[in-house]
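# Architecture at a glance
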Amino acid sequence: MGVQEFFVMVDSQRFLVRFWGVRGSYPTPGAHTVRHGGNTSCIEVRVGDHLLILDAGSGMVQLGEDLLEHLEGPTLHVSVLITHAHTDHLIGLPFFAPMFDSRADIDFFGPALAGRDIEQIVTPVMSPPYFPVEMRKLPSRRTFHTIHSDQYILWPHSDEGKPSIVADSQAAQDAELCVSIKFTQSHPLNGAILYRIDYAGRCVVYATDVEWHDEIDAEFLAFAEGADLLIHDAQYTTEDYQQTKHGFGHSTVAMATKVAKAAHVQKLMLFHHEPKYDDAKLDAMEVEARKDFACTYSACEGMEIDLLASNY
């Protein structure tokens, strides 16, 4: 199956994944990244009536502008799911236009790290002396939810209702839309959250900023089992990893394909690209990955995946 066969631009679908930022570490705009893109981690997920955003990297800036430009109705309901507090995953937040708009109702979800809850982690990013505008004075409405491993985020059928956090696996199975949470220590120094989104019999697993050594965590394999789409950290080539990148908290392409096979996923998306790799190198890494796992694709800004399409 070719990329064009399952990457579509149909805004009316109900389980739609769109990539706004696919790089790791720091933004890299320029001619060498024009096809894959140079923005850091940010993914928009349209699920039923709900809008979820995975991470707040620099790709979030353009996403925010797009959301307000196409806003229909009096309120914009957004759920932002943060994996961890490293700068490349939060750098877009101070310039996320809905934060400055009174029509925006934003729920933040994320882990407790280094003794700080998610509100204490996020708020300083948009507060003096790091930023000239104080987040607490912005007109948008914001709610913060600190989450922990093996919990679930559930949403009501309408986008008017607020999400809830439960630990009851049965309630999660019965929910129309469920995000499962798994905390991993495979990303130093404080760890990160992995997310699994289940809706309408389809599933996306977001596993960026992970590093697998000799063995893949068995609990993670169970977490990712059978996913229709696995978005997995694949920052390095094996050669770079072995020479200088071991222990940095990121995976190689080989690690990502090994996970995809072991977890029996349908499609693998290579993500969190090394900023020093140009488009040609990422293309070559995709080709190499397909030798191990045929349904592998390299994430590019602007890609849209329709999980409910008949030809997915």
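Everything numeric in this text was worked out from a predicted model, so none of it was measured.

Let's shift gears to helix α2 (residues 60–69). What α2 keeps buried is the set Met-60, Leu-63, Gly-64, Asp-66, Leu-67 and Leu-68. Close packing links the buried residues of α2 with β1 (15–21), β2 (42–47), β3 (50–54) and β4 (76–81).

Turning to the packing of aromatic side chains, a few remarks are in order. All chains considered together, the criterion is met by seven aromatic pairs. Taken together, a centroid distance of 6.2 Å and an interplanar angle of 50° make the contact between Phe-19 and Phe-271 tilted. Placement of the pair is Phe-19 in strand β1 and Phe-271 in strand β13 (residues 267–271), with a sequence separation of 252 residues. For Phe-19, a relative accessible area of 1% translates into the label buried. For Phe-271, a relative accessible area of 0% gives the class buried. Between Phe-108 and Phe-144, the aromatic rings sit 5.1 Å apart at their centres with planes inclined by 10°, giving stacked as the arrangement.

In this model, the protein carries a mean pLDDT of 93, and residues with pLDDT of at least 70 account for 95%. Overall, residues 1–13 carries pLDDT values under 50, and its contacts beyond four positions in sequence, including any with other chains, amount to 31 contacts.

Now for the environment of Leu-282. Within the element layout of this structure, Leu-282 appears in helix α8 (residues 279–292). For the pair Leu-282 and Thr-33, spaced 249 residues apart in sequence, the C-alpha separation works out to 9.6 Å. If we ignore the near neighbours within four places in the chain, the residues touching Leu-282 are Arg-23, His-36, His-273, Tyr-277 and Ser-298.

What counts, and where the lines are drawn
Residues numbered from 1 in each chain as written. Predicted model: local features only at pLDDT ≥ 70, side-chain atom pairs only at ≥ 80, totals over all residues. Heavy atoms only, no water. Buried < 20%, exposed > 50% of the residue type's maximum accessible area, 1.4 Å probe, protein only. Helix = DSSP H or I, 4+ residues; strand = E, 2+ residues; numbered from the N terminus. Contact = heavy atoms within 4.5 Å. Phe/Tyr/Trp six-rings, centres within 6.5 Å; stacked < 30°, edge-to-face > 60°. pLDDT = per-residue confidence, 0-100.

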